[in-house]
Amino acid sequence: MKGHPTMRGLLGFLPWIVYAVIATGDEWRWGAIAGLVIALALVAVDRRGARRGTRW
C-alpha cells in the first residue's frame, strides 16, 4: 500500500464506495454514517503517517 498511486486513488474513493454499497433504498443515512467513519479513519491513518514521515 505504501506509496502506490493506484492504491491511494482507490482509498480516496473508499468512503463513496462504502456509501454506495450500504445506501440502498431508504438506508442512505447508514451509508452516510459508514462513509464518514471510513473517511475519518483514513484521515487519522494519513495524519499518523505524516507525523512519522511516512505516507501509506
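Our subject is the structure listed above.
Residues numbered from 1 in each chain as written. Predicted model: local features only at pLDDT ≥ 70, side-chain atom pairs only at ≥ 80, totals over all residues. Heavy atoms only, no water.

1. Structural notes on the overall build of the protein chain
Along the protein chain, the regular secondary structure elements total 2 helices and 0 strands. When the 56 residues of the protein chain are sorted by exposure, 18% land in the buried category. Put simply, of all contacts in the protein chain between residues at least 6 apart along the chain, 44% involve residues at least 24 apart. (Helix = DSSP H or I, 4+ residues; strand = E, 2+ residues; numbered from the N terminus. Buried < 20%, exposed > 50% of the residue type's maximum accessible area, 1.4 Å probe, protein only. Contact = heavy atoms within 4.5 Å.)

2. So, the packing of aromatic side chains
Under the defined criterion, the tally for this structure stands at 1 aromatic pair. Plain terms: the ring middles of Trp16 and Tyr19 are 6.4 Å apart, the flat faces sit at 85 degrees to each other, and that makes the pair edge-to-face. Linking Trp16 with Tyr19, this pair stays in helix H1 (residues 5-22), spanning 3 residues, or about one helical turn. By relative accessible area, Trp16 is classed as exposed at 60%. (Phe/Tyr/Trp six-rings, centres within 6.5 Å; stacked < 30°, edge-to-face > 60°.)

3. As for a nonpolar patch on the surface
On the surface, a cluster of nonpolar side chains totalling about 890 Å² of accessible area is made up of Phe13, Trp16, Ile17, Val21, Ile22, Trp30, Ile33 and Val37. Those elements that provide at least two residues to the nonpolar patch are H1 and helix H2 (28-52). No other element matches H1, which puts 5 residues into the nonpolar patch. Within the secondary structure, Val21 sits in helix H1. Owing to a relative accessible area of 59%, Val21 belongs among the exposed residues under this scheme. (Patch = residues over 30% accessible without salt bridge, like charges linked within 9 Å, V, L, I, M, F, W, Y side chains within 5 Å. Areas by Shrake-Rupley, 256 points an atom, 1.4 Å probe, with all protein chains shown as cover. Salt bridge = Lys/Arg side-chain N within 4 Å of Asp/Glu carboxyl O.)

4. Re the environment of Ile33
With respect to the helices and strands, Ile33 occurs in helix H2. Taking the C-alpha atoms as reference points, Ile33 and Pro15, separated by 18 residues in sequence, lie 9.7 Å from one another.

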